[in-house]
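Descriptive analysis of the structure
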Amino acid sequence: FHPSEMRMSQYCPKIVFTGVKFQGDDEIHPILNKPLLEVAADRRNLTIYFAALDYSDNYRIRYAYKIEGDDGDWNFVGEAHSASFNHLPPGRLRLLVKSTNADGVWMDNITVLEIDSKPTFWETIWAKILMLLVILAIIG
């Protein structure tokens, strides 16, 4: 045995989105192989679950996620394989997730989930037009 001959694995695990749990629900809804997650306006508090498909020492895999376009850096969540959001903003979002392999090496395996987060009435253009008309009526 020669320690200098030991090599880190270069295996790059594929990441899959497995489920979503909305606030107030008792069960996780499967989203495996869904290219788009539609989120109703009243269900924007949620947790999205994902997994890296590496079956050797998968307890050592670490994860990070972020919303594309958000100025923030990656959120490193360690072994937790989920991302939780409170008051997800309305609009078309892209959740990016990356992971390490079982040897702890960060891989270039970024996987994307498209999220269509529906706005509440008060976040729509119709509500803004209505508020403008009410303000003009009060002034007039």
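Use the structure listed above.
The residue count restarts for each chain, going from 1 along the sequence in the order it is written. For a predicted model such as this one, the threshold for reporting local features is a pLDDT of at least 70, and the threshold for listing and counting side-chain atom pairs is 80 or more; totals across whole chains, interfaces and linings nevertheless cover every residue. Computation of side-chain values: all heavy atoms of the structure, hydrogens and water removed.

1. With respect to the overall build of the chain
In terms of helices and strands, the chain carries one helix and nine strands. Secondary structure elements follow DSSP: runs of H or I no shorter than four residues count as helices, runs of E no shorter than two count as strands, and numbering proceeds from the N terminus. When the helices and strands of the chain are read in sequence order from the N terminus, they spell out β-β-β-β-β-β-β-β-β-α. The C-alpha atoms of the chain give 20 Å as radius of gyration, which overshoots the globular expectation for 140 residues (14 Å, by more than 25%). Seen through its C-alpha atoms, the chain measures out along the principal axes to roughly 90 × 30 × 20 Å. The contact criterion used throughout is that any non-hydrogen atoms of two residues lie within 4.5 Å. In the chain, of all internal contacts separated by at least 6 residues, the share reaching a separation of at least 24 is 63%. With an accessible surface of roughly 9,300 Å², the chain has 56% of that area assigned to carbon and sulfur atoms. Here the positive residues are Lys and Arg and the negative ones are Asp and Glu; neither His nor the chain ends is included. Lys charges are placed at NZ, Arg charges at CZ, Asp charges at CG and Glu charges at CD. Across the chain, the mean location of the 14 positive side-chain charges is 2 Å away from that of the 18 negative side-chain charges. Only C-alpha atoms enter the radius of gyration, while the globule expectation follows 2.2 Å times N to the 0.38, with N the number of residues. Using a 1.4 Å probe, accessible areas were evaluated by the Shrake-Rupley method; residue-level cover was limited to the displayed protein chains.

2. Remarks on the environment of Ala51
By secondary structure assignment, the location of Ala51 is in strand S4 (residues 46-52). Each C-alpha atom of the pair Ala51 and Ala80 lies 9.5 Å from the other, and the pair is 29 residues apart in sequence. Ignoring any residue separated from it by four or fewer positions in sequence, one finds Ala51 in contact with Lys14, Ile15, Val16, Thr18 and Tyr63.

3. Overview of the sheet that holds strand S7 (residues 82-85)
Two strands pair under a simple rule: DSSP has to find at least two bridges between them. Within the open sheet, the four strands sit side by side as S2-S1-S4-S7. Their pairing is antiparallel. Every other strand in the sheet has two partners, leaving strand S2 (29-30) and S7 as the edge strands with one partner each. Across two bridges, the pairing between strand S1 (residues 15-22) and S2 is antiparallel. Looking at the pairing, Val20 lines up with His29 of S2.

4. Quick word on the nonpolar core
Judged by nonpolar contacts, the single largest core of 23 residues is most densely connected at Phe17, Leu46, Ile48, Phe85, Leu95, Leu113 and Ile115. Of all the secondary structure elements, the ones that give two or more residues to this core are S1, strand S3 (36-39), S4, strand S5 (63-67), S7, strand S8 (91-99) and strand S9 (111-117). Apart from residues lying up to four places away in sequence, Leu46 is in contact with Val20, Lys21, Phe22, Val39, Ala83, Ser84, Phe85 and Leu88. For this analysis, a nonpolar core means a set of buried residues of the types Ala, Val, Leu, Ile, Met, Phe, Trp, Tyr and Cys, connected via side-chain atoms within 4.5 Å. Buried, partly exposed and exposed residues are distinguished by accessible area as a fraction of the type maximum, computed with a 1.4 Å probe on protein chains only: under 20%, between the cut-offs, and over 50%, respectively.

5. Focus: the side chain of Ser117
Mapped onto the secondary structure, Ser117 falls in strand S9. Engagement of the side chain of Ser117 in a polar contact is seen with the backbone oxygen of Pro89, the distance being 3.1 Å. Any pair of nitrogen or oxygen atoms within 3.5 Å is treated as a polar contact; in protein, a donor-acceptor pairing is required on top of that, and neighbouring residues in sequence qualify only through side-chain atoms on both sides.

6. A short note on the packing of aromatic side chains
A pair of aromatic rings is counted whenever rings of Phe, Tyr or Trp (Trp by its six-membered ring) have centres within 6.5 Å, and the orientation is called stacked for planes under 30 degrees apart, edge-to-face for over 60 and tilted otherwise. Summed over all chains, the structure comprises five aromatic pairs. Taking the centre distance of 6.3 Å and the plane angle of 80° together, the rings of Phe17 and Phe50 count as edge-to-face. Placement of the pair is Phe17 in strand S1 and Phe50 in strand S4, with a sequence separation of 33 residues. Considered together, Phe17 and Phe50 belong to a single accessibility category, that of buried residues. Measuring from ring centre to ring centre gives 5.8 Å for Tyr65 and Phe85, while their planes differ by 75°; the resulting arrangement is edge-to-face. Of this pair, Tyr65 sits in strand S5 while Phe85 is found in strand S7, placing the two residues 20 residues apart along the sequence. Of the two residues, Tyr65 and Phe85, neither departs from the other in class, the shared state being buried. By way of ring pairs, the aromatic residues Phe17, Phe50 and Tyr63 are connected into one cluster.

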